[in-house]
Structures are given as structure tokens and as C-alpha cells.
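# Summary of structural features
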Amino acid sequence: MSTGTLALIIFVAILAQVAIAALIGLYRRKQQYQDLASRMDELQGAAEPQPATSSAAVTVSSEAAGKAPPAWQGFKGFVVQRRVMEDTAESICSFYLVPVDGQPLPSFKPGQFLTFKLQITDPITCETKSIVRCYSLSDSPQPDYYRVTIKRVPPPANQQDIPPGCCSNYFHDHVQKGMQLSVKAPSGHFYLVEREPLPIVLVGGGIGITPMLSIINTLLNSGSSREIWLFYGVRNGTDHIMKRHLETLQQAHANFHLHICYSRPRETDKEGVDYQHRGHVDIKLLRLTLQLKRHQFYVCGPRAMMESLVPALETWGVATDDIYYESFGPATLPKHKRAKPQAGKPDAAEQAITVTFSKSGKSIVWNPDAESLLELAEDNGIEVDSGCRAGSCGSCQTALESGEVDYTQEPDADIEAGHCLLCISKPKSDLTLTA
Ligand SMILES: Cc1cc2nc3c(=O)[nH]c(=O)nc-3n(C[C@H](O)[C@H](O)[C@H](O)COP(=O)(O)OP(=O)(O)OC[C@H]3O[C@@H](n4cnc5c(N)ncnc54)[C@H](O)[C@@H]3O)c2cc1C
Ligand code: FES
């Protein structure tokens, strides 16, 4: 054997050893993380179980806490006390709300949202429609006001002929100081879990920062010593809200670690000053920044971020129970955005499902192309209330007289027994709905 061949064999053997050692190291690291998580679960003993669920298609997870009744029933009057523009592009505005009846303001769990009902008149048809939308509370619970922070939603990119977001633009253009609004009590299952003082990691993408602000303000105002990591992803300084507020908190609290990520910084944005990381918040950044120990993760942001980050956290070894996440959409008419698939021949099982709307006296064969029962009802001229179209506001709750439904994502709204949320459900069998 020549010296060259021998050297090559030795080199390949060393390379193989290094690769095997690296793979073993990675495997051990994941095992350590999972062992640590289960040891801490054992120590926690019978403390409240808080399962968070997830799947590739599901974008909302919830804490399965006991159901507290809402602070008030239905909608209640609030007055806009003030408005504050939060970004340089003037596309994100905070609204401070006080109750019309002057009663003490019920508290809420940081991370929860308010549901608004607005009467909006179409400038072209002059028709007035009732629109329901949810907005997260963006400050800690205060005795005298609630705050929501709303981003003006433009038409979809390259579709400027489509009207911009109806409710968010109405807030920006018409909701002024002194105006009265109809508001449902704070609700939602995405909120700060306080049963154990684990370090927490908050990931807010774009306007998904709002529930994180409430969580941060609540923890730091209360003098909590929990380690708090905030990863806030925005395009650049134009969209970066509450910059000074967050920097002031960081200077005042050693347990608050601020990581701002700009995906497309402007020339004037200074790395290390205005932002810490160039790019999106991703699993690589979290792994490089966080210590190998158990954390609670809270994630809220655009769909793409949620769909990549949440599974990546699980792959990294984070226990599902330690991941909480919430999606802000969709609100308007997803059916208009999708190209309708070619009408194919439904299979036998699909043909068999009939949905009966008892009040309207209509029986309709389930259309497998329909996104949800809400869409089926709308397509067939059956009037059903709707708001968020994401299982959050409860507007589309409908009595189920017979049959069963499957949820396409976990409902966030509390559902009364014998009812279902049409916006996120599909029939599992023949159904009769009171609609
Ligand atoms: C739990 C929860 C909390 C939330 N918290 C916040 C928050 O804190 N801050 C915040 O800003 N938002 C928040 N949201 C999102 C908010 O509720 C609304 O979804 C958002 O403001 C958009 O509503 P809109 O009425 O302005 O837009 P929509 O009218 O619902 O329109 C949405 C998009 O669809 C497009 N569109 C309209 N009509 C059509 C059509 N015919 N065809 C195709 N496209 C169309 C619009 O141009 C727009 O781009 C939250 C949502 C949920 C569910
Ligand atoms: S429309 Fe909000 S829960 Fe269905």
C-alpha cells in the first residue's frame, strides 16, 4: 500500500470519527433537554396540567385552564380616551378605552384579547354592516383603561384593486377620541402561565408583539424575577413599535433580555443600536442565544413564522406543554383568496354527508372544497354571524341539533355545550344546525 493511500485511509477514518462524535453529541443534547423537562415535570408533581396542542395545520394553542365566566355578558360601551400613533409610518395606533358606565375595570390575563363589534358603512354601496374583530390587550391590566394596538391592514401585495382591511382601517380613519365602541369582555386561552416561575421566551413577529407587551409589562411591573427573553421580529425601524419603552425596560431590569431582529434594515438602521440581529427570528437564533435549560415559549406572529418556528421548537426538544402560540388570522373571506379547485367527483363517503340548516329549511350536500361550515352556509345564502373566522371571537357559534363536527384548528373561544364554531369546523357525519 502506498503512503498516499494509507494517509487517505487515516484521513477518512478521522473524518468518520468526528462525524460520529458530532451526531452522538447532538443526540445527547436533545436527550438532556428532554430529561430536564421531565425531571422538572416530576418535581412540579400534580400542579395544574396545561397541555398545549399543535399540528402542522393548527395555529392556535391554548392553556386548558378552568373556564372563568366572562367579566360581563355580551357587548358593553367603552369610550376612546386617547389614541397614540406608535410607528414612524403611522400604520400602528394604540387606542386607550374607558368604560362608559364608569364601573371598575375587570382585570384580565396578559395575552388575552378584546372583541369589538363595529357598524361600518361601505362608502360605495352605502350599506351598513356589523363587523366583529378581535384585538389583543397590549398593556398590563390597569385599574382605569384597556389598551389595544392596531395595525392598518393594506390590500394583499399586487392586488391593489381589493379593498384594504375593513376594521383596522376603520379604526385608523374613523375611531377618534370620545367615540363609543361596543366591546366584549377580555377572553382567550393564550396567556401568561404563572403556575411555575420558569424563564420565558416571547417571540413576537410584526403586530404579534401586542400580547407580548402585555406579558412583559405585567411581569416587570410586578417586580417578577423571572428571566424574560423577547425576540421581536420586524422589517425595519419603520415598523418597530414601543422601541423606547422596551429599551427603558431593558436598562431597568437585568432579567429582561431584548433581541430585536430586522429582516430588511434601512440604511439608517444601525445594527447593535436599533437592532441586534439581521434576518427573521428563527430556531437557529434561539438555539444560539438561549441556554440549554427549560423555558416556556410564547409565539405570536405571521403564519409563515408560526408554521416554521413552532415545529422547530418541538424538534429541538422543547416539550409541547412548554409552547404556547396564537395566530391573528385569517379574518376576511379566505374563500375569495383561494383559487377554487376543479370540481371533481366527490367520493362515496363525502357524498353521504348532508348538512341541514333547520331555521333556513335548507339541506345541502357537504362540499369537500368548502373551507368550513361557515363557508358552506355563506355559499348557500344562509346568514350566520361571523367575526374573526379563526375560532377566537365566538360570533359564529351555532347550536348543533344532531351530528358531529371536526375542528380544523383548536377553538380559542369557549363553546357552549351542544354548539360548535362554524368557522373552523367541518362535518364528520350528517348534521343539523340551528341556522
Ligand atoms: C385573537 C386575535 C388577536 C388579534 N390581535 C390583534 C392586535 O393586537 N393588533 C392587530 O392589529 N390585529 C390583531 N388581530 C387581527 C385583527 O383581528 C384583524 O384580523 C385585522 O385587523 C384585519 O382585519 P380587517 O377587518 O382590517 O381586515 P379584513 O377586512 O378582514 O381584511 C383582511 C385582508 O383581506 C383583504 N381582503 C378584503 N376583502 C377581500 C376580498 N374580497 N378578497 C381578497 N382579499 C380581501 C384585505 O385587503 C386585507 O388584506 C388579532 C386577531 C385575533 C384572532
Ligand atoms: S367567526 Fe370568530 S369564532 Fe368563528
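Quick notes on the rules
Residues numbered from 1 in each chain as written. Chains lettered and ligands numbered in written order. Predicted model: local features only at pLDDT ≥ 70, side-chain atom pairs only at ≥ 80, totals over all residues. Heavy atoms only, no water. Helix = DSSP H or I, 4+ residues; strand = E, 2+ residues; numbered from the N terminus. Buried < 20%, exposed > 50% of the residue type's maximum accessible area, 1.4 Å probe, protein only. Contact = heavy atoms within 4.5 Å. Phe/Tyr/Trp six-rings, centres within 6.5 Å; stacked < 30°, edge-to-face > 60°. Lys NZ or Arg CZ within 6 Å of the ring centre and 35° of its normal. Expected span 1.5 Å × (residues − 1). Pairing = 2+ DSSP bridges. Polar contact = N/O pair within 3.5 Å; in protein donor to acceptor, adjacent residues only side chain to side chain. Salt bridge = Lys/Arg side-chain N within 4 Å of Asp/Glu carboxyl O. Axes fitted to C-alpha atoms, helices over the stretch in contact; angles between N-to-C directions. Left-handed = near helix turned anticlockwise from the far one by under 90°. Nonpolar A, V, L, I, M, F, W, Y, C, P; charged D, E, K, R; others polar. Patch = residues over 30% accessible without salt bridge, like charges linked within 9 Å, V, L, I, M, F, W, Y side chains within 5 Å. Areas by Shrake-Rupley, 256 points an atom, 1.4 Å probe, with all protein chains shown as cover. 1 Å grid on protein atoms, 1.4 Å probe; cavity = no way out; pocket = protein on both sides within 12 Å on 5 of 7 lines; lining within 4 Å. Points joined across faces, edges and corners; volume = space filled by probe spheres on them. Domains from an automatic or database assignment. Core = buried A, V, L, I, M, F, W, Y, C linked by side-chain atoms within 4.5 Å. pLDDT = per-residue confidence, 0-100.

Summing up its helical and strand segments, the protein chain has nine helices and 19 strands in all. When the 435 residues of the protein chain are sorted by exposure, 45% land in the buried category. Across the protein chain, every contact between residues at least 6 apart in sequence was considered, and the portion connecting residues at least 24 apart equals 66%.

Here the structure, examined in full by the defined rule, presents 13 aromatic pairs. Through a chain of ring-to-ring contacts, three or more aromatic side chains come together here, namely Trp-72, Phe-78, Phe-108 and Tyr-146. Over the aromatic face of Tyr-96 sits the side chain of Arg-82, whose NZ or CZ is 3.8 Å from the ring centroid.

This next bit is on helix H3 (residues 210-221). In a regular helix each residue adds 1.5 Å, so twelve residues correspond to 16 Å; H3 covers 17 Å between its end C-alpha atoms and thus fits that length. For H3, the buried fraction is high: eleven of the twelve residues fall into the buried class. Within H3, the full set of buried residues consists of Thr-210, Pro-211, Met-212, Leu-213, Ser-214, Ile-215, Ile-216, Asn-217, Thr-218, Leu-219 and Leu-220. Immediately downstream of H3, the backbone of Gly-223 shows phi near 80 degrees, a positive value.

This brings us to the pairing of strand S5 (residues 146-151). A large share of S5 lies buried, amounting to five of its six residues. As paired elements, strand S2 (residues 92-99) and S5 share six bridges and run antiparallel to each other. Bridging across to S5, Ile-92 finds its partner in Lys-151.

Before going further, it helps to examine the side chain of Thr-398. Mapped onto the elements, Thr-398 comes out in strand S15 (residues 397-402). Of note is the side chain of Thr-398, whose polar atom sits 2.9 Å from the backbone oxygen of Cys-396. Residue contacts for Thr-398: discarding those within four places in its chain leaves Val-384, Gly-418, His-419, Cys-420, Leu-422, Leu-433, Thr-434 and Ala-435.

This part covers the pattern of salt bridges. In total, this model carries twelve salt bridges according to the counting rule given. Salt bridges here are not isolated pairs; linked through shared partners, they connect Arg-195, Glu-196, Arg-294 and Asp-322.

Take the packing of H3 against helix H4 (residues 243-252) next. Packing of H3 against H4 leaves a shortest axis separation of 12 Å and a crossing angle of 35 degrees. When you trace H3 past H4, the crossing you get is left-handed. Of the residues in H4, those in contact with Leu-213, Ile-216, Asn-217 and Leu-220 of H3 are His-245, Leu-246 and Leu-249. A class-by-class count of the residues in the contact of H3 with H4 yields five nonpolar, two polar and no charged.

A separate point is a nonpolar patch on the surface. Taken together, the side chains of Leu-8, Phe-11, Val-12 and Leu-15 define a hydrophobic patch exposed on the protein surface, amounting to about 420 Å² of accessible area. With respect to the helices, strands and loops of the structure, Leu-15 is situated in helix H1 (residues 3-44).

The pairing of strands in a sheet comes from backbone hydrogen bonds and takes either a parallel or an antiparallel form. One open sheet accounts for six strands, arranged S4-S3-S6-S1-S2-S5; its pairing is antiparallel. Each of the sheet's edge strands pairs with one partner strand only, and the pair in question is strand S4 (128-136) and S5. Taking each pair of neighbouring strands and ignoring which way they run, the sheet shows an average axis angle of 40 degrees. The pairing of strand S3 (residues 113-121) with strand S6 (residues 180-187) spans four bridges and is classified as antiparallel. Paired with Phe-113 across the bridge in S6 is Ser-187. Packed on one face of the sheet, helix H2 (residues 166-174) meets strand S1 (75-85), S2, S3, S4, S5 and S6 and runs near 80 degrees to S3.

Here the focus is the layout of surface pockets. As a volume, the second largest pocket reaches approximately 780 Å³. Around the second largest pocket sit 32 residues that line it, and Ala-68, Pro-70, Pro-186, Ser-187 and Asp-414 are the ones nearest its centre. Take the lining of the second largest pocket: its biggest share by element is four residues, from S6. There are two domains that each give the lining of the second largest pocket at least three residues, and those are domain 1 (75-186) and domain 3 (347-433).

Let us look at the nonpolar core. Counting 29 residues, the largest nonpolar core has Leu-202, Ile-216, Leu-230, Leu-246, Phe-256 and Tyr-298 as the members making the most contacts within it. Counting residues per element, this core draws most heavily on H3, which supplies six residues. Residues within four places of Leu-246 in sequence aside, it is in contact with Leu-213, Ile-216, Leu-230, Tyr-232, Ile-241, Phe-256 and Leu-258. Counting residues in hydrophobic clusters, the runner-up holds 25 residues, among them Leu-137, Tyr-170, Phe-171 and Val-175.

Read across the open sheet, the six strands follow the order S10-S9-S8-S7-S11-S12; overall the sheet is parallel. Edge strands, defined here as strands with exactly one partner in the open sheet, are strand S10 (277-278) and strand S12 (323-326). Of the strand pairs in this sheet, strand S9 (residues 256-262) and S10 are connected by two bridges, and their pairing is parallel. Counterpart to Tyr-262 in the pairing with S10 is Arg-278. In the packing of H3 onto the sheet, contacts are made with strand S7 (200-205), strand S8 (228-234), S9 and strand S11 (296-300), and the angle to S7 comes to roughly 145 degrees.

This brings us to the confidence of the model for the protein chain. When pLDDT is averaged along the protein chain, the result is 85, and 83% of the positions lie at 70 or above. Note on residues 35-66: pLDDT is under 50 here. Beyond four places in sequence and across chains, it has 66 contacts. The low-confidence segment residues 332-346, where pLDDT is below 50, has 17 contacts with residues more than four positions distant or belonging to other chains.

Within the secondary structure, Val-79 is located in strand S1. On the basis of relative accessibility, which here comes to 23%, the residue Val-79 falls in the partly exposed class. Residues Val-79 and Phe-95, spaced 16 residues apart in sequence, show a C-alpha to C-alpha distance of 9.7 Å. In this view, Val-79 contacts Tyr-96, Leu-97, Val-98, Val-100, Gly-178, Met-179 and Gln-180; residues no more than four positions away in its chain are not counted.

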